[in-house]
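Chains, contacts and geometry: an overview
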Amino acid sequence: MNDLSSLLDALDQAQTGQQEVVIATVVKVEGSAYRRPGARMIIAQLGDATGTVSGGCLESDVSKKAWWFTANGKPTIRTYSTGEDDDELEEAELSFGLGCNGTVHILFERVHAQVADLQPASLVVNVLREVKASGEGAALATVIGSRDERHVAVGERVALSPSSGLQVQMRERWLARLIADDLQAVLDGRRSATRTYEGAGGDIEVLLEYIPAPRRLVIFGAGHDASPLVSMARLQGWHITLIDARAHFARVQRFPDADRVLAAPLEPWPELAAMVADAAVVVMTHSLTQDRHWLGQVLQCAPRYIGQLGPRSRTERLLDELPEQDCEAPAMSRLHYPVGLDLGGDTPDSVALSMLAEINAVFNGRNGSMLKFREASIHAVDVKLDQEAGLRMIG
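Our subject in this report is the structure included herewith. (Residues numbered from 1 in each chain as written. Predicted model: local features only at pLDDT ≥ 70, side-chain atom pairs only at ≥ 80, totals over all residues. Heavy atoms only, no water.)

1. What to know about the overall build of the protein chain
- Assigned secondary structure in the protein chain consists of 10 helices and 18 strands.
- The buried share of the protein chain, taken over its 395 residues, is 47%.
- Taking contacts inside the protein chain between residues at least 6 apart in sequence as the whole, the part at least 24 apart equals 57%.
- Counting only carbon and sulfur atoms, one obtains 49% of the accessible surface of the protein chain, whose full area is about 19,400 Å². (Helix = DSSP H or I, 4+ residues; strand = E, 2+ residues; numbered from the N terminus. Buried < 20%, exposed > 50% of the residue type's maximum accessible area, 1.4 Å probe, protein only. Contact = heavy atoms within 4.5 Å. Areas by Shrake-Rupley, 256 points an atom, 1.4 Å probe, with all protein chains shown as cover.)

2. A word on helix H5 (residues 226-235)
- Listing the buried residues of H5 in full gives Ala-226, Pro-228, Leu-229, Val-230 and Ala-233.
- On its buried face, H5 is in contact with strand S12 (216-220), strand S13 (239-244), strand S15 (280-283) and helix H10 (348-363).
- Phi turns positive, to about 80°, at Gly-237, one or two residues after H5.

3. Observations concerning the pairing of strand S9 (residues 165-169)
- Taken together, the five bridges between strand S8 (residues 157-161) and S9 define a ladder with antiparallel strand orientation. What sits directly across from Val-158, in S9, is Val-168.
- Between the antiparallel neighbours S8 and S9 lie three residues. (Pairing = 2+ DSSP bridges.)

4. Focus: unusual backbone geometry
- In the segment running from Tyr-337 into Pro-338, the intervening peptide bond is cis, with an omega of -10°.
- One can find Pro-338 in the loop between strand S17 (335-336) and H10.
- The backbone of Gln-18 shows a phi angle near 55°, a positive value even though the residue is not glycine.
- Structurally, Gln-18 is set in the loop between helix H1 (3-16) and strand S1 (21-31).
- You will see that His-286, though not glycine, has its phi angle at about 60°, which is positive.
- Tracing the sequence through the fold places His-286 in the loop between S15 and helix H7 (288-299).
- His-286 sits in the exposed class, given a relative accessible area of 54%.

5. As for the sheet that holds S13
- Read from one edge of the open sheet, six strands run S14-S13-S12-S15-S16-S17, paired in parallel fashion. Every other strand in the sheet has two partners, leaving strand S14 (260-263) and S17 as the edge strands with one partner each.
- Of the strand pairs in this sheet, S15 and strand S16 (residues 305-308) are connected by four bridges, and their pairing is parallel. Note on S16: the bridge partner recorded for Val-283 is Gln-308.
- Against the sheet, H7 contacts S12, S13, S15, S16 and S17, and its axis sits at roughly 165° relative to S16. (Axes fitted to C-alpha atoms, helices over the stretch in contact; angles between N-to-C directions.)

6. Thoughts on the packing of aromatic side chains
- For the structure on display, the rule yields four aromatic pairs.
- For the pair Phe-69 and Phe-108, a centre-to-centre distance of 4.9 Å together with 70° between the ring planes defines the contact as edge-to-face. Of the two residues, Phe-69 sits in helix H2 (residues 59-69) while Phe-108 sits in strand S6 (residues 102-111), which places them 39 residues apart along the sequence.
- By relative accessible area, which is 8% here, Phe-69 ends up buried.
- Three or more aromatic residues joined by ring pairs make a cluster, and in this case those are Trp-68, Phe-69 and Phe-108. (Phe/Tyr/Trp six-rings, centres within 6.5 Å; stacked < 30°, edge-to-face > 60°.)

7. Side note on the sheet that holds strand S10 (residues 193-199)
- If you trace the six strands from one edge of the open sheet to the other, you get S9-S8-S7-S11-S10-S18, paired in antiparallel fashion. If you trace the sheet from one side to the other, it starts and ends with S9 and strand S18 (392-393), each paired once.
- Across four bridges, strand S7 (residues 138-146) lies against S8 in antiparallel orientation. When the bridges of S8 are listed, Ala-141 appears paired with Val-158.
- In the packing of helix H3 (residues 123-134) onto the sheet, contacts are made with S7, S8, S9 and strand S11 (202-211), and the angle to S8 comes to roughly 15°.
- Contacting S7, S8, S9, S10 and S11, helix H4 (residues 173-189) crosses the sheet at an angle of about 35° to S11.

8. A short note on the packing of H1 against H3
- Between H1 and H3, the shortest axis-to-axis distance is 10 Å and the interhelical angle comes to 125°. When the interaxial angle is binned, H1 and H3 end up oblique. Of the two possible hands of crossing, H1 and H3 adopt the one that is left-handed. Here H1 contributes Leu-4, Ser-5, Leu-8, Leu-11, Asp-12 and Gln-15 to the contact with H3, which in turn contributes Val-125, Leu-128, Arg-129, Val-131 and Lys-132.
- Among the residues forming the contact of H1 with H3, the class breakdown is six nonpolar, two polar and three charged. (Parallel < 35°, antiparallel > 145°, perpendicular 65-115°, else oblique. Left-handed = near helix turned anticlockwise from the far one by under 90°. Nonpolar A, V, L, I, M, F, W, Y, C, P; charged D, E, K, R; others polar.)

9. Re the pattern of salt bridges
- Overall, the coordinates contain 15 salt bridges when judged by the stated rule.
- The closest approach of N and O atoms between Arg-190 and Asp-278, which form a salt bridge, is 2.9 Å. With Arg-190 in the loop between H4 and S10 and Asp-278 in the loop between helix H6 (272-276) and S15, the pair connects residues that are 88 residues apart, well separated along the chain.
- When the shortest N-O distance is used, the salt bridge between Glu-321 and Arg-292 registers 2.7 Å. With Glu-321 in helix H8 (residues 312-321) and Arg-292 in helix H7, this residue pair connects regions lying 29 residues apart in the sequence.
- Residue class for Glu-321 comes out partly exposed when judged on its relative accessible area of 36%. (Salt bridge = Lys/Arg side-chain N within 4 Å of Asp/Glu carboxyl O.)

From the geometry alone we can't say anything about function, so treat these as descriptive.
Printed below as a string of structure tokens:
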């Protein structure tokens, strides 16, 4: 289960019990930190916590003090230092002396269980639910710094999503309008960012967060080697669809971790385009006839990644047998063969790990090389600062 699913489950449990929760969100990171802005924890009234905001070093303190930090009912930001020297970062309220040389700013806010719609819904909760339900990403702006809270307070928000459009929980409409334009850029670029706006009372710092939907993986082929691929993808919280023309292979009982298991004939399938749009696709039926059909169909669509299992010569044979228009389709640039990263190993588990590693690298805009050879920081964004928009991109 991924972060989004587990956080929403925790919120559902609190709402069922008519309980308050505290949402702790990483809103700013300076230096080295395990998790990036947008990482969240849900802390229930009874002390149970779901999610993480670090590699495990901050969670205990966050859980213990979340209710104390929000005792007045207002959102508040606390700063944690993981530097070795307490004096390195004077603004840090809590220092853990871990030697990681990072500063993490965490927003704490109480969310009330809705009782007969007497209280306004939390915009962040609404957006998280919408992203999970729609399968589409959204952009969420959160004020994380304000010199004049009489007009703009920490925790005020604006959201933008394909299904609901613009949603505003902010008093200053002029600011909401400016933020809306930047949220569109964040939504289009699928990258979080920060921006500072000029207000009458001073600077206003805003986190512009891209909230991605769970990744989708479509696997063509229900052989025994598809099982570890499904299981590993499930551990990452991906939405998994498995398709095979052989009904005796494509059975739900064989793949309990898949969201959908479909037996489909080798015919044109109008629904396929929407199913694989922006998704990762792996073709691994071990049948030349099936692979040729499914690869040809997928190349006519717009997936974000296509992996074809098998030796290079086999895939090139498949491509030679496809109609010329399929091989000239834009999706050809997203075809990877042989599929996977060069990790070694030949067991179904190691092959599945190799494929998932490559898919993650492609979706994250990385090349899959060893981090010890990376000259930039681990979380560095491979895009330049957008000077015109004034957006500072976040890795």
